[in-house]
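# Overview (structure and organization)
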Amino acid sequence: SRLAEFATKSRDLRDPGERHRVGMIESWVSIAGNLFLTLLKALFGFLTNSISLIADAVHSASDILSSIVVLIGFNLAKRKPDREHPHGHGRIEYLAGLLIAAMLIGAALLFIYNAYSRLQDGVIIKPSIAAIIAVFIAILIKEFMFYFSNKLRELIDSDALAGDAWHHRSDSLSSLLVLVALIGAYAGLPALDAYLGFAVAAFIMYAGYNIARQSCSRLLGKAPDSELQDDITCCANEIDGVIDTHDLEIHDYGSWKVVTMHIGVNGSLTLEEAHTIAHKVEDHVSATFHCNTVVHLDPR
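For clarity, every value in this text was computed on a predicted model and none was experimentally measured.

## Re the sheet that holds strand E1 (residues 244–253)
One open sheet holds the three strands; their spatial order is E1-E2-E3, and the pairing between them is mixed. Either end of the sheet is taken by a strand with one partner, and the two such strands are E1 and strand E3 (292–299). Taken pair by pair, the neighbouring strands of this sheet meet at an average axis angle of 15 degrees, ignoring direction. Across eight bridges, E1 lies against strand E2 (residues 256–265) in antiparallel orientation. Paired with Asp-252 across the strands is Lys-257, a residue of E2. In the packing of helix H8 (residues 226–237) onto the sheet, the strands contacted are E1 and E2, and the crossing angle to E1 comes to about 130 degrees. In this fold helix H9 (residues 271–289) packs onto E2 and E3, with an angle of close to 150 degrees to the strand it touches most, E3.

Below, the structure is given as structure tokens:
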């Protein structure tokens, strides 16, 4: 967490440029860590002939894909709006998420088939102390990556980073199952590998389901959290002349948001005076939250 705070110290994390920088840090750290773990698990998985460890290697590889989705999403969010996409291109991240979800579920089904085949054919794995140590190291690395990504997620309030963080945590849990399987095989219970292969596949399938559900929810216009709504309302009420704020709507386009709201003002004000207050609210909210703000006036 200290490393994450150091990377974001004294910066305005609501600025899309700063959010992009944080997203790049998290993505590249995740990609590098997952690439190392994929190679480590795959090597010892093939050396020990362990389906659960090979499945876990694929799980780590899938986490690379999820980090690439974050990478693409944050990069596309920087592109300027055009005639066909007046609010930018940030939502393409959610479409990529649906594709990755389908790939994850397909991989999980394949490993369920492989685990079942192993139970039928009685394939024996060859565990080693080195493989057990390698998986234990992988769990420690994954837990560090989870806390690092989750801290960055808290700092910039990003659902994309939250998803990536929980990918790390799910990989850590599945590695724990693999560790149990390897220890079981070392103790003379080789069938435990295939049974826990089912469990690892279930983790992969659950991750795919979660990605699909979250991506669909965002594409359908998921409502922002109440904390953001309260912060924007308080920000608007800071302007002199605003009596109340209501009918707030926040349209989420990734790193870019469009805010519409109604403000109550004194009905005895001239049109020019009321219009000036509305402009001050728009400028203040837009500058604070780095969004496009439209204000409607209601006389009181």
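## A word on the packing of H8 against H9
Two elements in contact, H8 and H9, have axes whose closest approach is 9 Å; the angle formed by their N-to-C orientations is 140 degrees. Taken together, the axes of H8 and H9 lie oblique to each other. Between H8 and H9 lies a crossing whose hand is right-handed. Contacts between H8 and H9 involve Leu-228, Asp-231, Ile-232, Cys-235 and Ala-236 from the former and Val-281, His-284, Val-285, Thr-288 and Phe-289 from the latter. Residue classes in the contact of H8 with H9 are distributed as seven nonpolar, two polar and one charged.

What counts, and at which threshold
Residues numbered from 1 in each chain as written. Predicted model: local features only at pLDDT ≥ 70, side-chain atom pairs only at ≥ 80, totals over all residues. Heavy atoms only, no water. Pairing = 2+ DSSP bridges. Helix = DSSP H or I, 4+ residues; strand = E, 2+ residues; numbered from the N terminus. Axes fitted to C-alpha atoms, helices over the stretch in contact; angles between N-to-C directions. Contact = heavy atoms within 4.5 Å. Parallel < 35°, antiparallel > 145°, perpendicular 65-115°, else oblique. Left-handed = near helix turned anticlockwise from the far one by under 90°. Nonpolar A, V, L, I, M, F, W, Y, C, P; charged D, E, K, R; others polar.

Honestly, it's all geometry; don't read function into it.
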